[in-house]
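What follows is each chain in one-letter form.
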Amino acid sequence: MNETNKNEKVIPQTILTLNDDFSLIKRFIDGDESVFKTLVNRHKEKVRNIIFVTLNGPDMIDDLSQEVFISVFKKLDRFRFESQFTTWLYRITINKCRDHLRRVKIRSILSPLSASEEELSYSSSSLHDASEIQEIVRRGVAQLPEKLRTPLILKDFEGLSYQEIAETIGTEVGTIKSRIFRAREALKKILEPYKKELL
Amino acid sequence: MMKWYNQNIKEQLSAYLDDELPKHEKDLLEDKLISSAELRTEFEEDKKVKELLSSLKRLPEDEYFATRLMEKIKGEKKTEGIFSFFKKPVVAFGIVTIFLMGILKFYPNFFPTFLSKQKTNIIDFYTQNLKPFVYVADLNSEDIFNFAFNNNLPLNKEDRQMLQLLRDSSGNQFVEVTYAGSAANAYNLPAFVKSLKLTNDQKQAVDSILLSYSDDISSHILVNEKNTVAVNPSIWNYHNAIRSDLLSYVASVNKEVSDKIMPAAFVENNIASLHRIQQQNGPDEDTYFVFSPDTIFTQKLHLNKDELKDEIHKFKKEMSQHTAELNKIKRFKIDVKVFPDEFTSSQKMKVMIDSNICRVQIPQDIAMENYLPDFDSLNSILDIAFDQLRNFQFDIRVESPEKEETAVYNDKKRRKTTKKFEFNIGNEGFSIPNPDSLATFFRFYFQDSTKTFKFNDKMNEDMEVFKKEMERFKNDMEKMKKELQKELKKNSEKKDPIEI
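Small disclaimer: the values here were computed from a predicted structure and weren't measured.

> In this structure, what is going on with a nonpolar patch on the surface? I would like to understand it.
Residues and elements named next belong to chain B. Residues Val-96, Phe-99, Leu-100, Leu-104, Phe-106, Tyr-107, Phe-110, Phe-111, Phe-114 and Leu-115 make up a contiguous nonpolar surface patch of roughly 1000 Å² in combined accessible area. Going through the elements one at a time, α5 (89–106) and α6 (110–127) are the ones with two or more residues in the nonpolar patch. Top contributing element to the nonpolar patch by residue count: α5, with 5 residues. Take Phe-114: it is sitting in helix α6.

> I'm lost on the interface of chain B and chain A in this one. Help?
Where interface size is given, it is often the accessible area lost as the parts come together that is meant. Counting from both sides, the interface comprises 39 residues of chain B and, opposite them, 43 residues of chain A. Taking both partners together, chain B and chain A bury about 3900 Å²; carbon and sulfur atoms supply 61% of that area. On the chain B side of the contact with chain A, Leu53(B), Leu59(B) and Phe65(B) bury the most area, a combined 18% of that side's loss. Taken together, chain B and chain A are joined by 10 salt bridges. The closest approach of N and O atoms between Glu20(B) and Lys155(A), which form a salt bridge, is 3.5 Å. If you look at where chain B meets chain A, you find 19 residue pairs in polar contact (both at pLDDT 80 or more). For the side of chain B that touches chain A, the elements supplying multiple residues, two or more each, are α1 (2–17), α3 (37–54) and α4 (65–87) of chain B. For the side of chain B that touches chain A, the element with the most residues is α4(B), which contributes 11 residues.

> When you look at the nonpolar core in this model, what are you seeing that I'm missing?
Within soluble globular proteins, side chains that are nonpolar generally end up buried alongside one another. Counting residues in hydrophobic clusters, the biggest one holds 71 residues, and the most contacted among them are Phe36(A), Ile51(A), Phe69(A), Val72(A), Leu76(A), Phe85(A) and Leu69(B). Take this core: its biggest share by element is 10 residues, from helix α3 (residues 35–55) of chain A. Those residues in contact with Leu69(B), other than ones at most four positions away along the chain, are Phe36(A), Val40(A), Gln66(A), Phe69(A) and Ile70(A). Core analysis: the second largest hydrophobic core is formed by 47 residues, Phe149(B), Leu153(B), Leu196(B) and Val231(B) among them.

> Got a minute to help me understand the packing of aromatic side chains in this structure?
Centre-to-centre distance and the angle between the planes together describe a pair of aromatic rings. All names here are of chain A. All chains considered together, the criterion is met by 16 aromatic pairs over all chains. Here Phe-36 and Phe-73 contribute two aromatic rings whose centre-to-centre distance is 5.0 Å and whose plane-to-plane angle is 80°, an arrangement assigned as edge-to-face. Highlighted residues: Phe-36 in helix α3 and Phe-73 in helix α4 (residues 61–75), separated in sequence by 37 residues. Each member of the pair, Phe-36 together with Phe-73, is buried.

> Looking at this structure, how should I read the sheet that holds strand β5 (residues 221–224) of chain B?
Remark on secondary structure: sheet strands pair via backbone hydrogen bonds, oriented parallel or antiparallel. All names here are of chain B. The antiparallel open sheet is built from 5 strands, whose spatial order is β1-β5-β6-β7-β8. In this open sheet, the two edge strands, each paired with only one partner strand, are β1 (131–132) and β8 (296–300). Contacts between α6 and the sheet are confined to β5, β6 (228–231), β7 (287–291) and β8, with β8 contributing the most and set at about 80° to the helix.

> Mind showing me how you'd approach the pairing of β6(B) here?
For a regular strand, side chains alternate in direction, first toward one face of the sheet and then toward the other. Residues and elements named next belong to chain B. Here β6 shows no split at all, with Thr-228 and Ala-230 on one side and Val-229 and Val-231 on the other all buried. Alignment of β5 against β6, held across 4 bridges, turns out to be antiparallel. In the strand pairing of β6, Ile-221 is matched with Val-231. In this antiparallel pair of consecutive strands, β5 and β6, the connection spans 3 residues, and Asn-227 shows a positive phi of 60°. Across 3 bridges, β6 lies against β7 in antiparallel orientation. For Val-231, the partnering residue across the bridge sits in β7 and is Phe-289.

> What's the story with unusual backbone geometry in this structure? I'm lost.
Positive phi, normally seen in glycine, also occurs at Phe81(A), with a value near 55°. Within the secondary structure, Phe81(A) is located in the loop between α4 and α5 (85–110). Residue classification places Phe81(A) among the partly exposed positions, given a relative accessible area of 26%. The phi angle at Asp19(B) is positive, at roughly 60°, despite the residue not being glycine. Along the polypeptide, Asp19(B) turns up in the loop between α1 and α2 (23–35).

> What am I meant to see in the sheet that holds strand β10 (residues 357–361) of chain B here?
All names here are of chain B. One open sheet holds the 5 strands; their spatial order is β2-β3-β4-β10-β9, and the pairing between them is antiparallel. Since the sheet does not close on itself, it has two edges, and those belong to β2 (152–156) and β9 (350–353), each with one partner. Taking the axes of each pair of neighbouring strands and ignoring which way they run, one obtains an average angle of 20° across the sheet. As paired strands, strand β4 (residues 173–178) and β10 are joined by 5 bridges and run antiparallel to one another. Its bridge partner being in β10, Val-175 is matched across the sheet by Val-360. Lying over the sheet, helix α7 (residues 141–149) contacts β2 and β3 (161–167), oriented at roughly 130° with respect to β2.

> Even after reading the chapter, I still don't get the packing of α2(B) against α3(B), so can you show me in this structure?
Two measures define how a pair of helices packs: the angle their axes make with one another and the distance between the axes. Residue and element names in this part refer to chain B. At a minimum axis separation of 5 Å, α2 and α3 run at an interaxial angle of 110°. By the angle between their axes, α2 is roughly perpendicular relative to α3. In this structure, α2 uses Lys-32, Leu-33, Ile-34 and Ser-35 to contact α3, whose residues at the interface are Ala-37, Leu-39, Arg-40 and Phe-43. Partitioning the contact of α2 with α3 into residue classes produces 5 nonpolar, 1 polar and 2 charged.

> So what exactly am I meant to see when it comes to helix α11 (residues 235–253) of chain B here?
The α-helix advances 3.6 residues per turn, and as a result positions three or four apart in sequence lie on the same side. With 19 residues, α11(B) should reach 27 Å at 1.5 Å per residue; the first-to-last C-alpha distance of 27 Å fits that figure. Where burial is concerned, most of α11(B) is hidden: 16 out of the 19 residues are buried.

> Honestly, the side chain of Glu176(B) in this entry has me stumped. Any pointers?
Position of Glu176(B) among the secondary structure elements: in strand β4. Discounting residues that sit within four places of it in the chain, Glu176(B) has contacts with Met162(B), Leu163(B), Gln164(B), Leu166(B), Ile357(B), Cys358(B) and Arg359(B).

> Honestly, the pairing of β3(B) in this entry has me stumped. Any pointers?
Residue and element names in this part refer to chain B. Most of β3 is tucked away, with 5 of its 7 residues classed as buried. Bridge analysis of β2 against β3 gives 4 bridges, and the strand direction is antiparallel. Paired with Pro-154 across the two strands is Met-162, which belongs to β3. Taken together, β3 and the strand that follows it, β4, pair antiparallel across an intervening segment of 5 residues, in which Gly-171 is found at a positive phi of about 90°.

Calculation criteria
- Residues numbered from 1 in each chain as written.
- Chains lettered and ligands numbered in written order.
- Predicted model: local features only at pLDDT ≥ 70, side-chain atom pairs only at ≥ 80, totals over all residues.
- Heavy atoms only, no water.
- Patch = residues over 30% accessible without salt bridge, like charges linked within 9 Å, V, L, I, M, F, W, Y side chains within 5 Å.
- Areas by Shrake-Rupley, 256 points an atom, 1.4 Å probe, with all protein chains shown as cover.
- Salt bridge = Lys/Arg side-chain N within 4 Å of Asp/Glu carboxyl O.
- Helix = DSSP H or I, 4+ residues; strand = E, 2+ residues; numbered from the N terminus.
- Contact = heavy atoms within 4.5 Å.
- Buried area = accessible area lost by both parts, 1.4 Å probe.
- Polar contact = N/O pair within 3.5 Å; in protein donor to acceptor, adjacent residues only side chain to side chain.
- Core = buried A, V, L, I, M, F, W, Y, C linked by side-chain atoms within 4.5 Å.
- Buried < 20%, exposed > 50% of the residue type's maximum accessible area, 1.4 Å probe, protein only.
- Phe/Tyr/Trp six-rings, centres within 6.5 Å; stacked < 30°, edge-to-face > 60°.
- Pairing = 2+ DSSP bridges.
- Axes fitted to C-alpha atoms, helices over the stretch in contact; angles between N-to-C directions.
- Parallel < 35°, antiparallel > 145°, perpendicular 65-115°, else oblique.
- Nonpolar A, V, L, I, M, F, W, Y, C, P; charged D, E, K, R; others polar.
- Expected span 1.5 Å × (residues − 1).

Limitation: the analysis is restricted to geometry and does not speak to function.
Following this line, the structure appears as structure tokens:
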């Protein structure tokens, strides 16, 4: 009996904690609100960067990012686990950006000179600096219509698949394919004056 | 077709770049890429665009973002915790309803009292420190004449703000504050003096009659620094009293003119009756119409008239000593523009508001007619007399050439001029400014009183034609009558005697 006992391996008792998004959300729904911080830390940079590229400026990033995550916090208990958490998160982010741009547009009607109407003012000869190129590209993207801009950003900047983008925006994959193509064509036209340096 | 094909290929190329094409389409496109240099260039450009976008600099990581966010969420949760219950509309509505029911149960008069208090506050605010009108404008004889004759009194001469007394065709009386009202009156005191050919002494007498009403008018219009104007509706009495006094004076100094302008209904006793109006203030002598910048309302202002008059005298005395200060006071501006209908819905008051006018109808229970039954007729007599006086300034020759047709009234109380008149206008280009105003006059004297005559050649011609037509009609009728009589006679002769 003792021998048997000696031969038995002692298995240490461990608690398995799954750390994927769904598990964290389930824990949040069960009342553990502390996991929300982990979710935020995991996705905050993507959200901030989407806002940065979409709005073409750093002004509202912090406020809008906070608004996005506060919305997530309030609605997370109603999350249906039918799509990825990121798809849902990006949808909220894009909607927040849309709302903000709409407000800016209304304001720009009242005050005719607004940032959105700025022209690409760099002369091609002065494009030596990488940061200038970045600025030109960002402004070029900002000039795209919102319908084309968002799929292009989600694809080329965030690396989402057509399927994920379609789910985020709530449309068909075919539409996304077409929009991304049209966005690239439009962007090429916008960047035409800098073709030599950029393309 | 070719364009669509190219478009489709390019779209496929974009998807190929994103590695989003199914295997067979991918193979097909790769074959095309090998064979088409143009497609390869297109592909390279797309690739470059993609690289540019994916190489866009990311924001530096914000390490404290989550901490800040969690703090914000904590703060929001705290606030929500307190008010979340109230955020549900049903709950909020329920609480408010219970609260209101509680108030109404224990303090049923809460809302009426509250509203009345608010109303009282507004009334108190605007009726504070009301002073006689003389504080802002020193009335001269011309102003008072215009008040009597043209029914207007300047409240603020610079801004052409006027107080006007009006009467509609139904006899309703109105008090009106007009902003930017008419500046000049067509018939004024100099015109009055000129038309009556008054001597200097007589003119001075007229001035003294007019100025004797200055204090009374001043005490019936009160103003304060909050741009409030309070008007006592019995100011209408003074308006009539001044008119009656002026008429009496005209009658005493110029009998000839008086005979020409006075209507037949004007008996000597009328003047005495009109004088009585002055003493009769009516039951609501303390009721004032208050025109304020925000609203308009009626309010009983219990003022000691004697004290008020003393104050006016005192002020006038001071006024002559401190001309500089007076100028300061004269800068007072009355700016009655906007009136919400809060107080205008009262049953008693009828208010008409325009951008420049605010008109209040004097309620029937305040109006003079109620306690002076003959007021209306006296008032119309005054109107007629003044209309004649206004027209008298033009040189209209009045004579009665057809004496045999004239109906002469022997009654001593009536004036001898109550005959049939004809106007002979000496100057050819001359026209009577307002012949209709004389219609009442003529209607009274003509036998056929329902006709209104206009005095021009065309009318005379028409009258001649009309007379001839009537003559012809009369003859026809006579003829017809004779024929009928003949017919009747014949018939009666033919009739068999009645057998009994």
